[in-house]
Amino acid sequence: MSTPAPRITHLVGGAPWTGVAERTSPVYNPASGEVTGQLDLASAATVDEVVKIAHDASREWGQASLTRRAQVLFAFRELLNARKEEIAALITAEHGKVLSDALGEVTRGLEVVEFACGIPHLLKGGFSENVSTRVDVYSMRQALGVVAVISPFNFPAMVPMWFVPIAVACGNAVVIKPSEKDPSAVNAVAQLWKEAGLPDGVVNVVHGDKEAVDRLLEHPDVKAVSFVGSTPIARYVYEKGTASGKRVQALGGAKNHMVVLPDADLDLAADAAVNAGFGSAGERCMAISALVAVEPVADDLVARIRERMATLRTGDGTRGCDMGPLVTGAHRDKVVGYVEAGVESGATLVVDGREGDVDGDDAGFWLRPTLFDHVTPDMSIYTDEIFGPVLSVVRVPSYDAALELVNANPYGNGTAIFTNDGGAARRYQNEVEVGMVGVNVPIPVPMAYYSFGGWKSSLFGDSHAHGTEGVHFFTRGKVVTSRWLDPSHGGLNLGFPTHD
């Protein structure tokens, strides 16, 4: 008789939820195909329960001093840093990415926590004296109340930390709705907030599917929503959230191009293409999925990439492999479908990820790194965000043709150019219609004190994640104009200074 998979449930008011879920969803280990947990899925009524607790907690926390908030942030930073290996292990167990990649994810999330520790400086307002006779004007930024964070499966720890530390530091209460595919890392991080001294109810986790998401988007006490996911869902979240009067930042999908000019260091470019194309099994919104080779370098570059791909080891993320499985069997099958479509459309399949050995259980959700050459812009492997380890090489005759190709794409998340020509790099960063640009850097994710986000169909809303834009998103500006009577009555006078 098999042992039932452990229950994974919501974290509400600093404690596990004690209710009974009407629906559950299985959680898998992608490296073995084994069901490792049964996740409670929230009903609309459960979301209402969580939001009420968060709303009550936000009233006190919004009035907490900046000193107290900063103390909690610093304590949380120390706890997360001390336990980052534990969090990384949870990510690998449910997402599948290799341990080193999972640890890097937590470390990048820590950068946002460290940025949020400076909240006393970040929330400073302005002051203008005597704008009129004895009239002063000053500004302040105040918390919104309850905010929701809806995060994807590919970065179960880092993406929530793009938003939650800043939202909390600004005085808000947060309801996190993580992906159903890998929920345990979010629960573990949320528990650290309690250990850091954050009052119960300020950070809550509610698990669920579309029913939970729709209720968060409709609930009148949720004032803002931060989302990361595919472009169709980002558009839906933005339209439904704003229709309910909410502030929304919805980061969508991507088709990130890496342009390689003829003067580039091709060894550096080949290394970057492999790292950025196949890291985390290509399940990154900043992954390079389209390599634009400006002739005559394509043959040489493809050969170097192929050589490097032959050295990659795919397998269980706990075994020191280079690349792990895809997150679910259904997603693996979808990506395999794109490989088949690429072959049928006439692209040259240079390396077939459907073939070869893996260091893992046969029941795992495997697809090895895959490389296509002679891809054209009308093929689905170019037009669609595949979100898997599939790299497509598009050949173009010139810099102008490369720029035209990138700018014609409906996505505008990230891009990179590889060149030793400073003038070409400067021209590209000015002319390309993309939100994040790398020069000889394949994945240009900015540091936490800058903001993350794309253009066009990669972003719905006006605010990017973290940085100063994040602080502004989670606060409202208020301006006060004041006049006070001049106290002209008498009093003690011990001499100097004199008064007319």
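Just so it is clear, the structure is predicted and the values come from calculations on it, not from any experiment.

Novice: Can you walk me through the overall build of the protein in this structure?
Specialist: On a plain count of helices and strands, the protein comes out with 16 helices and 23 strands. Expressed along its principal axes, the backbone C-alpha trace of the protein runs to roughly 90 × 70 × 40 Å. Across the 500 residues of the protein, 56% fall into the buried class. Sequence separation of 24 or more characterises 72% of the internal contacts of the protein that already satisfy a separation of 6 or more. With the model as given, the accessible surface of the protein reaches about 21100 Å², and the carbon-plus-sulfur share is 51%. Looking at the protein, you have 42 positive and 60 negative side-chain charges, and the mean spots of the two groups are 7 Å apart.

Novice: I'm lost on the layout of surface pockets in this one. Help?
Specialist: The probe, sized like a water molecule, is rolled over the atoms to show the empty space still left. Here the largest pocket defines a volume of roughly 780 Å³. Taken together, 29 residues line the largest pocket, and the ones lying closest to its centre are Phe153, Phe227, Gly229, Ser230 and Ile233. Contributions of two or more residues to the lining of the largest pocket are made by helix H8 (210-218), strand E11 (222-228), helix H9 (231-243) and helix H12 (329-344). The element that contributes the greatest number of residues to the lining of the largest pocket is H9, accounting for four residues. Along the lines of polarity and charge, the residues of the lining of the largest pocket split into 12 nonpolar, nine polar and eight charged. Considered as a void within the structure, the second largest pocket measures approximately 440 Å³ in volume. What lines the second largest pocket is a set of 25 residues, and nearest its centre among them are Gly62, Gln63, Arg69, Gln142 and Ala143. Of all the elements in the fold, those that place two or more residues in the lining of the second largest pocket are helix H1 (44-61), helix H2 (66-82) and strand E7 (135-143). For the lining of the second largest pocket, the per-class residue count stands at nine nonpolar, nine polar and seven charged.

Novice: Looking at this structure, how should I read empty space enclosed by the protein?
Specialist: Across all of its chains, the model carries four cavities of 30 Å³ or more by this definition. What the largest cavity holds in volume is close to 100 Å³. Surrounding the largest cavity, 15 residues form its lining, Gly282, Arg284, Ala287, Ser289 and Phe387 being those nearest its centre. Looking at the lining of the largest cavity residue by residue, the classes come out as seven nonpolar, five polar and three charged. Considered as a void within the structure, the second largest cavity measures approximately 80 Å³ in volume. Forming the boundary of the second largest cavity are Phe76, Pro156, Ala157, Pro160, Met161, Val164, Pro165, Ile176, Val186, Val189, Ala190 and Trp193.

Novice: What exactly am I supposed to notice about the packing of H2 against helix H4 (residues 99-116) here?
Specialist: When two helices pack together, their arrangement is given by the angle between the helix axes and by the axis-to-axis distance. Between H2 and H4, the least distance of the axes is 9 Å, while the angle of their chain directions is 165°. Viewed along their axes, H2 and H4 adopt a mutual orientation that is roughly antiparallel. In the crossing of H2 with H4, the sense of the turn from one axis to the other is left-handed. In this structure, H2 uses Leu73, Phe76, Arg77, Leu80 and Asn81 to contact H4, whose residues at the interface are Val106, Leu110, Val113, Glu114 and Ala116.

Novice: Would you mind going over the packing of aromatic side chains with me for this structure?
Specialist: Evaluated as defined, the whole model comprises 10 aromatic pairs. Pairing phenylalanine 153 with phenylalanine 387 gives two aromatic rings, centres 5.8 Å apart and planes at 85°, and the pair type is edge-to-face. One end of the pair, phenylalanine 153, is in the loop between strand E8 (146-150) and helix H6 (158-169); the other, phenylalanine 387, is in the loop between helix H13 (380-383) and strand E17 (390-396), with 234 residues separating them in the sequence. Taking relative accessible area as the criterion, phenylalanine 153 reaches 13% and is therefore assigned buried.

Novice: Any chance you could explain the pairing of E7 here in plain terms?
Specialist: Each regular strand shows side chains that alternate between the opposite faces of the sheet. Direction of pairing for strand E6 (residues 127-132) relative to E7: antiparallel, over a ladder of three bridges. Considered in E7, the bridge of serine 132 is made with valine 135. A loop of two residues connects E6 with E7, the two strands running antiparallel in sequence, and arginine 134 in this loop sits at a positive phi of about 55°. Examined bridge by bridge, E7 and strand E23 (residues 475-483) share nine bridges and lie antiparallel to one another. Residue pairing in the sheet places glutamine 142 in a bridge with arginine 476 of E23.

Novice: Please explain the environment of leucine 371 as it appears in this structure.
Specialist: Positionally, leucine 371 belongs in strand E16 (residues 370-373). A relative accessible area of 0% places leucine 371 in the buried class. A C-alpha to C-alpha distance of 7.8 Å links leucine 371 and arginine 306, two positions 65 residues apart in sequence. With near-sequence residues (within four places) excluded, leucine 371 lies in contact with Val302, Ile305, Arg306, Met309, Thr348, Leu349, Val350, Val351, Leu391 and Val393.

Novice: Sorry, what's going on with the nonpolar core here?
Specialist: The tendency in soluble globular proteins is for nonpolar side chains to be buried side by side. Core analysis: the biggest nonpolar cluster contains 65 residues, and Leu80, Ile87, Trp162, Val168 and Trp193 have the highest contact counts within it. Among the elements that take part in this core, H6 stands out by supplying 10 residues, more than any other. For valine 168, the residues in contact, after removing those within four places along its chain, are Trp61, Arg69, Leu73, Val174, Trp193, Leu198, Val202 and Val203. Leu291, Val335, Leu371 and Leu405 belong to the second largest nonpolar core, which has 61 residues in total.

Novice: Explanation requested: H12 in the structure shown.
Specialist: Taking 1.5 Å of rise per residue, 16 residues should cover 22 Å, and H12 covers 23 Å from first to last C-alpha, within 8% of that figure. Where H12 is buried, its residues meet E16, H13 and E17. Just downstream of H12, glycine 346 is the residue with a positive phi angle, here 105°.

Reading the values: rules and limits
Residues numbered from 1 in each chain as written. Predicted model: local features only at pLDDT ≥ 70, side-chain atom pairs only at ≥ 80, totals over all residues. Heavy atoms only, no water. Helix = DSSP H or I, 4+ residues; strand = E, 2+ residues; numbered from the N terminus. Buried < 20%, exposed > 50% of the residue type's maximum accessible area, 1.4 Å probe, protein only. Contact = heavy atoms within 4.5 Å. Areas by Shrake-Rupley, 256 points an atom, 1.4 Å probe, with all protein chains shown as cover. Lys, Arg positive; Asp, Glu negative; His and termini not counted. Charge placed at Lys NZ, Arg CZ, Asp CG, Glu CD. 1 Å grid on protein atoms, 1.4 Å probe; cavity = no way out; pocket = protein on both sides within 12 Å on 5 of 7 lines; lining within 4 Å. Points joined across faces, edges and corners; volume = space filled by probe spheres on them. Nonpolar A, V, L, I, M, F, W, Y, C, P; charged D, E, K, R; others polar. Axes fitted to C-alpha atoms, helices over the stretch in contact; angles between N-to-C directions. Parallel < 35°, antiparallel > 145°, perpendicular 65-115°, else oblique. Left-handed = near helix turned anticlockwise from the far one by under 90°. Phe/Tyr/Trp six-rings, centres within 6.5 Å; stacked < 30°, edge-to-face > 60°. Pairing = 2+ DSSP bridges. Core = buried A, V, L, I, M, F, W, Y, C linked by side-chain atoms within 4.5 Å. Expected span 1.5 Å × (residues − 1).

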